[in-house]
Amino acid sequence: EPTVNLIGKPYTELGPMKRLAVSLGGPFANFIFAMLVFAVLGLSFGIEKADRVMVESITPGSSAEAAGFKVNDQLLTAGGKTVNTRLDVIQATSLKSGEAVRYTVLREGAELSLIAIPRETVVSNEEFKVKEKVGQVGLGLAHDNLHNVRLNPIEAAGYGLSQTGNALEATVTVLRRLVTGKEGLDKLSGPLGIGSIADRGTDIQMKQEGVSLDKRLGGVAMWLIQLSALLSIGVGFFNLLPIPVLDGGHMVFLLLEWILGRPV
């Protein structure tokens, strides 16, 4: 019989901190994958950015009107984050219905801090053929010189980190609101829902008129790659929850073993 020389120790004989590192490996791989995806996309295709994001209209009787917004205000920050496009304002608002959101605006050369409470609104997404509940404050926004900005490697790495952080923050927000009863279970989606979203996103790309086949296929690839990065973040986050069958559950027992000096 050939001799097999094993190197190292069996997993069960490792100390609790080394086993803890193994448990962290999977979720962190999920996050690193997402950061790499966003960084490569930012490096390869750049990101959209506007010189200014302006208030174009205000819905009468809305929370934006009550907060003191004025037409021609320039949005600087929303929810504590810099506003580069209208999407930044939407992301800061859509998951915060019933909660105060702070905005910083530039008005006649002076910076003002305004607080508005988004109201839950049912909107129809015609492209994906779904209805969803989102928070809105009643602002109509316009871009001033929306353009594409190419990122250098360092900027792309920062972009990948920030996008992953934003997705994690949104996941935590949804989970918190589910636990506190501010959101319903319609915010969660299983394999069928995920498959449906992937299918509809693919249809949107493939049914573009006046676009060559190779560009449509490239759009499908981009859509699916971004979706996989977002799913990877969700998987990594939920795997860290302190539930016994998940890595987060193993981590709890390993920390107790490290504190007590014996297996639990």
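Criteria and thresholds
Residues numbered from 1 in each chain as written. Predicted model: local features only at pLDDT ≥ 70, side-chain atom pairs only at ≥ 80, totals over all residues. Heavy atoms only, no water. Helix = DSSP H or I, 4+ residues; strand = E, 2+ residues; numbered from the N terminus. Contact = heavy atoms within 4.5 Å. Phe/Tyr/Trp six-rings, centres within 6.5 Å; stacked < 30°, edge-to-face > 60°. Buried < 20%, exposed > 50% of the residue type's maximum accessible area, 1.4 Å probe, protein only. Pairing = 2+ DSSP bridges. Axes fitted to C-alpha atoms, helices over the stretch in contact; angles between N-to-C directions. Parallel < 35°, antiparallel > 145°, perpendicular 65-115°, else oblique. Left-handed = near helix turned anticlockwise from the far one by under 90°. Nonpolar A, V, L, I, M, F, W, Y, C, P; charged D, E, K, R; others polar. Patch = residues over 30% accessible without salt bridge, like charges linked within 9 Å, V, L, I, M, F, W, Y side chains within 5 Å. Areas by Shrake-Rupley, 256 points an atom, 1.4 Å probe, with all protein chains shown as cover. Salt bridge = Lys/Arg side-chain N within 4 Å of Asp/Glu carboxyl O.

A. Spatial organisation of the environment of Phe38. Mapped onto the secondary structure, Phe38 falls in helix H1 (residues 16-45). Residues Phe38 and Ala156, 118 residues apart in the sequence, show an inter-C-alpha distance of 7.8 Å. Non-local contacts of Phe38, meaning those with residues more than four positions away in its chain, are made with Tyr159, Gly160, Gln163, Thr164, Ala229, Leu230 and Ile233.

B. Fine view of the packing of aromatic side chains. As enumerated under the stated definition, the model contains three aromatic pairs in all. Considering the side-chain rings of Phe69 and Tyr103, the 5.4 Å spacing of their centres and the 75° angle between planes classify their relative orientation as edge-to-face. You can see Phe69 sitting in the loop between helix H2 (63-67) and strand S2 (74-78) and its partner Tyr103 sitting in strand S4 (residues 101-107), a full 34 residues away along the chain. For the pair Phe69 and Tyr103, one class covers both residues: buried.

C. Here's a closer look at the pairing of S4. In terms of strand pairing, S2 meets S4 through four bridges, oriented antiparallel. Bridge assignment links Gln74 to a residue of S4, and that residue is Leu106. Note: S4 against strand S5 (residues 110-116), seven bridges, orientation antiparallel. Residue Leu106 lies in a different strand from S5, and its bridge partner there is Glu111. Once S4 ends, the chain turns through two residues before running back antiparallel as S5, passing Glu108 with a positive phi of about 55°.

D. Broad picture of the packing of helix H5 (residues 191-206) against helix H6 (residues 213-239). Contact geometry of H5 with H6 gives a least axis separation of 8 Å together with a crossing angle of 155°. Here H5 is positioned roughly antiparallel relative to H6, judged by the angle of their axes. The chirality of how H5 crosses H6 is right-handed. Side by side, H5 and H6 meet where Ile194, Ile197, Ala198, Gly201, Thr202, Gln205 and Met206 of the first sit next to Leu213, Arg216, Leu217, Gly219, Val220, Trp223, Leu224, Leu227 and Leu231 of the second. Looking at the contact of H5 with H6 residue by residue, the class counts come to 11 nonpolar, four polar and one charged.

E. Quick peek at a nonpolar patch on the surface. Together, Met17, Val252, Phe253, Leu255, Leu256, Trp258, Ile259, Leu260 and Val264 make up an exposed nonpolar region whose accessible area comes to about 850 Å². With seven residues, the top contributor of residues to the nonpolar patch is helix H7 (residues 247-260). Relative to the helices and strands, Val252 resides in helix H7. Val252 sits in the partly exposed class, given a relative accessible area of 37%.

F. Up close: the environment of Asp247. Residue placement: Asp247 occurs in helix H7. Taking the C-alpha atoms as reference, Asp247 lies 50 Å from Asn72; in sequence the two are 175 residues apart.

G. Layout of unusual backbone geometry. A positive phi angle is found at Asn72, which is not glycine, with a value near 80°. For Asn72, the position within the fold is in the loop between H2 and S2.

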